Protein chains: 2
Amino acid sequence: MKITANNPSRKSWLKVEIASDFPIQNIPFGVFLTKEDVITIGTRIGEYAIDLAALHQLNYFEGIPLTDDIFMQNTLNDFISDGRTTWRLVRNRIADIFDEENPKLKENKKHRDKVIFNLSDVEVLLPVDIGDYTDFYSSKEHATNVGTMFRDPENALFPNWSHLPVGYHGRSSSIVVSGTKLRRPKGQTLLPGETQPVFGPSRLVDFELETAFITTDANKFGKSIDINEAEDFIFGMVIFNDWSARDIQKWEYVPLGPFLAKSFASTISPWIVTLDALEPFRVAGPKQNPEPLPYLQLEGNHSFNINLQAAIKPKKQTETIVSNSNFKYMYWSMAQQLTHQTSNGCNVRSGDMYGSGTISGPTKDSYGSMLELTWRGENPIKMSDGTERKFINDGDTVILRGFCENDKVRIGFGECKGRIRKAK
Amino acid sequence: MKITANNPSRKSWLKVEIASDFPIQNIPFGVFLTKEDVITIGTRIGEYAIDLAALHQLNYFEGIPLTDDIFMQNTLNDFISDGRTTWRLVRNRIADIFDEENPKLKENKKHRDKVIFNLSDVEVLLPVDIGDYTDFYSSKEHATNVGTMFRDPENALFPNWSHLPVGYHGRSSSIVVSGTKLRRPKGQTLLPGETQPVFGPSRLVDFELETAFITTDANKFGKSIDINEAEDFIFGMVIFNDWSARDIQKWEYVPLGPFLAKSFASTISPWIVTLDALEPFRVAGPKQNPEPLPYLQLEGNHSFNINLQAAIKPKKQTETIVSNSNFKYMYWSMAQQLTHQTSNGCNVRSGDMYGSGTISGPTKDSYGSMLELTWRGENPIKMSDGTERKFINDGDTVILRGFCENDKVRIGFGECKGRIRKAK
């Protein structure tokens, strides 16, 4: 089925600023709360939130097989379960409804009042009930930087790294939507030169610049996914901040991996941008050497040219951009990650989330964490307000952004932001 | 409130064999499917499954604040959310209903036919929707054995082990109820002496003899639990087999911990035995040295004397018991595990599950995994059918059991079993 929603020459009758992440070619999916305390599934065009439940009730999705209450939900899980054909039909239809040449909704004020909200009048919510969350470690630059700092520059990568997308299970309960207030976590740490740990606020809170993808129900318990089909099960992507407390992590992580250093909070952007919307920005990923084992081999282009950015905004100050990276630097593709995840028969469900791992680029200004940007705090970053940062201070807001751009269209994710408040 | 359900002199008018794990003093909670395709929440007495939704509809829970549909659910999550007072009221009432001196249900055949099923006529299901699952590593004997085998007998435990309950996030989607058929997983492994990994069926499938506890909603995002309140949030326990593919684990686990070696399947026993029912078997855990940091200090007895057992049953043969261990060997208590989990503000929800980690005892016949029992396969175990086992063979059923016993009563968990079928 043709993705007519992606037509780059299409314009909307809703006003969209030129630099907007959300032109009519994006049509992401999310969940929001209206001033009338109604939770609904929606999309976003420019600075407007669109109520899909209202559109459905007014019969704008006629002919598309949807249950009556599919958009009257607190999460996207059921809609995601409907599968790719339905996602495409709905996205194509939404593009038609808001196309400047379509008068149907445009000229019906009564309908418009039920369907269209100013974004500032709604509260965006966590879009999915995340059953399981995996975080991968798929940027070669990031893994090399960390291995160089903490182990051995000559053997920065463990032998397994080049053969499989290393990953670990993360905590779902503490994944929150952009804007949710966070607290500096407490935990056990071992201070330099000491032999006895102490308990107290982490001194080394960091961000990790990541993306994450959300799946539909992919495979039954005990079955695996063929890599040629893996992308069919990916609904879309978000920008993801895998907040990390480096001092807690250092003390706790052997031998079973990161635990409380990560589970205090993880922030995602609210609008899930579909893989379909990203299609025009498909590119090849890094050349893989050694050649992956056959179950991870896939022809064609399976990465995306997504600009990634991290900024720090101290309280009452302007922000400073501290990193510019790109999704295309990621060594292992999403298709490879998902195939590997299911290679042992592990079942993947609608709403599961898979983080990329910190995506660092090849240059020092493209590293995706303060750990790497300041090289463990050795090279503090100058902020525009004159202060310096080794890690994240109380009161700082970290803002992550992601967008794709060509000469015709810009498709973005909006902001993934969170402010660290003092430990309590 | 008094736990009258625990009265050891109480007898039921339902027949209960003397060696049963499920006397009227147990009253665990589970979910089952009837022959009429109805899913209901229930309890078990002897070889009978009791439909709590039917009891509720027939007004047997009069006076207890319960919503009408609380037992007409596919999972226990909502009932668990009701909190400890409600769990106690319901357990006490069920004990009264089935007390041999109470004629009300006993002498009402019409009601009995609606409420009581032969266990063999129903199918037990996964009792909870497990949002997050953590697996701890809290048996000192197990951690020491593994550290001795894979690293250094002189420094078998990492320095952090004695200061905090080491744990990691596990995969929820592939947790299945006892009896669910399993497949030997495939995965990447590095064969001895080789430098290039291969992909294929795991050659070293193992069981791990564990327990797990299930929580209610405990704390809000950003808050922690005081250790003195931690047990209030524990609904009950199950027996847990954390199936492990040792060869996949060895190749994949650095530096982020176990991943696909564990996520192919984890099996739990179907009936959640409440912490209340285990109360008579409360004992002190091992003495902790060094003294834990203040946030993990707790007076009193916080372990339980639960006999644990593992048996292997080859296809069409009788079983061989390969391990006898006990929950009381676990170094870190459940209260300490839960407090540590939330010490960074990580929120705990109704239905979350926390595995103990393999519970090995001090003697060689009390080790909780084949890895330890056969010492990496060096000392195979003789089976009663004359064959030998280093790890688990295709066709083998692994059966884990747990029970408490004193001179008055036996409270058990029933079986946690699963058969490994050939990889496909």
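Residues numbered from 1 in each chain as written. Chains lettered and ligands numbered in written order. Predicted model: local features only at pLDDT ≥ 70, side-chain atom pairs only at ≥ 80, totals over all residues. Heavy atoms only, no water.

(A) Up close: the overall build of chain A. Check the secondary structure of chain A and you find 11 helices and 26 strands. Expected size for 424 residues packed as a compact globule is a radius of gyration near 22 Å; at 22 Å, chain A falls within 12% of this value. Counting only C-alpha atoms, chain A reaches 70 × 55 × 40 Å along its principal axes. Residues classed as buried in chain A amount to 62% of the 424 residues present. For chain A, the share of sequence-separated contacts (at least 6 apart) that also reach a separation of at least 24 residues comes to 72%. As displayed, chain A has an accessible area near 16400 Å², and 48% of this comes from carbon and sulfur atoms. (Helix = DSSP H or I, 4+ residues; strand = E, 2+ residues; numbered from the N terminus. Rg over C-alpha atoms; globule rule 2.2 N^0.38 Å. Buried < 20%, exposed > 50% of the residue type's maximum accessible area, 1.4 Å probe, protein only. Contact = heavy atoms within 4.5 Å. Areas by Shrake-Rupley, 256 points an atom, 1.4 Å probe, with all protein chains shown as cover.)

(B) Broad picture of the relation of the copies chain B and chain A. Least-squares fitting of chain B to chain A yields an RMSD of 0.0 Å, with the superposition described by an axial translation of 0.0 Å and a rotation of 180°. Taken together, the rotation and translation describe the operation of a two-fold axis. If distances are taken from each C-alpha of chain B to the rotation axis, the shortest is found for Gly257(B), at 2.2 Å. The share of interface residues of chain B whose copies in chain A are also at the interface is 100%, consistent with both copies meeting through the same surface. (Least-squares fit on C-alpha atoms with pLDDT ≥ 70 in both.)

(C) Highlighting the pattern of salt bridges. The tally for this structure, following the rule as stated, stands at 54 salt bridges over all chains. Arg171(B) is paired through a salt bridge with Asp132(A); the nearest N and O atoms lie 3.5 Å apart. Of this pair, Arg171(B) sits in the loop between strand S7 (167-170) and strand S8 (175-177) while Asp132(A) sits in the loop between strand S5 (123-125) and strand S6 (133-136), each in a different chain. The class of Arg171(B) is buried, set by a relative accessible area of 2%. With its nearest N and O atoms 3.4 Å apart, the salt bridge here joins Lys15(B) to Glu17(B). (Salt bridge = Lys/Arg side-chain N within 4 Å of Asp/Glu carboxyl O.)

(D) Broad picture of the sheet that holds strand S3 (residues 48-51) of chain A. Residues and elements named next belong to chain A. With respect to topology, 5 strands assemble into an open sheet ordered S4-S3-S2-S1-S5, the strand pairing being antiparallel. If you trace the sheet from one side to the other, it starts and ends with strand S4 (116-118) and S5, each paired once. Strand-to-strand, the axes of this sheet are offset by a mean angle of 45°, without reference to chain direction. Pairing between S3 and S4: 3 bridges, direction antiparallel. Residue pairing for S4: Tyr48 is matched across the bridge by Asn118. (Pairing = 2+ DSSP bridges. Axes fitted to C-alpha atoms, helices over the stretch in contact; angles between N-to-C directions.)

(E) Region of the structure containing helix H6 (residues 140-150) of chain B. Burial in H6(B) covers these residues: His142(B), Ala143(B), Asn145(B), Val146(B), Gly147(B) and Met149(B). In this structure, the buried residues of H6(B) make contact with helix H11 (370-373) of chain B.

(F) Inspection of the environment of Asn241(B) at higher detail. All names here are of chain B. Looking at where Asn241 falls in the secondary structure, it is placed in strand S14 (residues 234-241). The exposure class assigned to Asn241 is buried, which follows from its relative accessible area of 0%. Considered as a pair, Asn241 and Ala265 are 24 residues apart in the sequence and their alpha carbons are 8.9 Å apart. Ignoring sequence-local partners within four residues, the contact set of Asn241 consists of Phe207, Glu208, Ser266, Thr267, Val398, Leu400 and Cys416. A distance of 3.1 Å separates a polar atom in the side chain of Asn241 from the backbone nitrogen of Glu208. (Polar contact = N/O pair within 3.5 Å; in protein donor to acceptor, adjacent residues only side chain to side chain.)

(G) Here's a closer look at the pairing of strand S3 (residues 48-51) of chain B. All names here are of chain B. Taken together, the 4 bridges between strand S2 (residues 39-45) and S3 define a ladder with antiparallel strand orientation. Bridge assignment links Gly42 to a residue of S3, and that residue is Asp51. A loop of 2 residues connects S2 with S3, the two strands running antiparallel in sequence, and Gly46 in this loop sits at a positive phi of about 55°.

(H) Quick look at the sheet that holds strand S26 (residues 410-421) of chain B. Residue and element names in this part refer to chain B. The mixed open sheet is built from 5 strands, whose spatial order is S9-S26-S25-S20-S21. Looking at strand neighbours, the two that pair on one side only are strand S9 (182-183) and strand S21 (320-326), the edges of this open sheet. Pairing analysis gives 2 bridges linking S9 to S26, with the strands arranged parallel. Within the sheet, the bridge partner assigned to Leu182 lies in S26 and is Ile420.

(I) Layout of unusual backbone geometry. Residue and element names in this part refer to chain A. The linkage connecting Val254 with the following residue, Pro255, adopts the cis geometry, with an omega of -5°. Mapping Pro255 onto the fold places it in the loop between helix H7 (246-252) and helix H8 (260-263). Positive phi, close to 75°, is recorded for Asn59, a residue that is not glycine. Relative to the helices and strands, Asn59 resides in the loop between helix H1 (52-57) and helix H2 (77-81). For Asn59, a relative accessible area of 43% corresponds to the partly exposed category. You will see that Trp375, though not glycine, has its phi angle at about 45°, which is positive.

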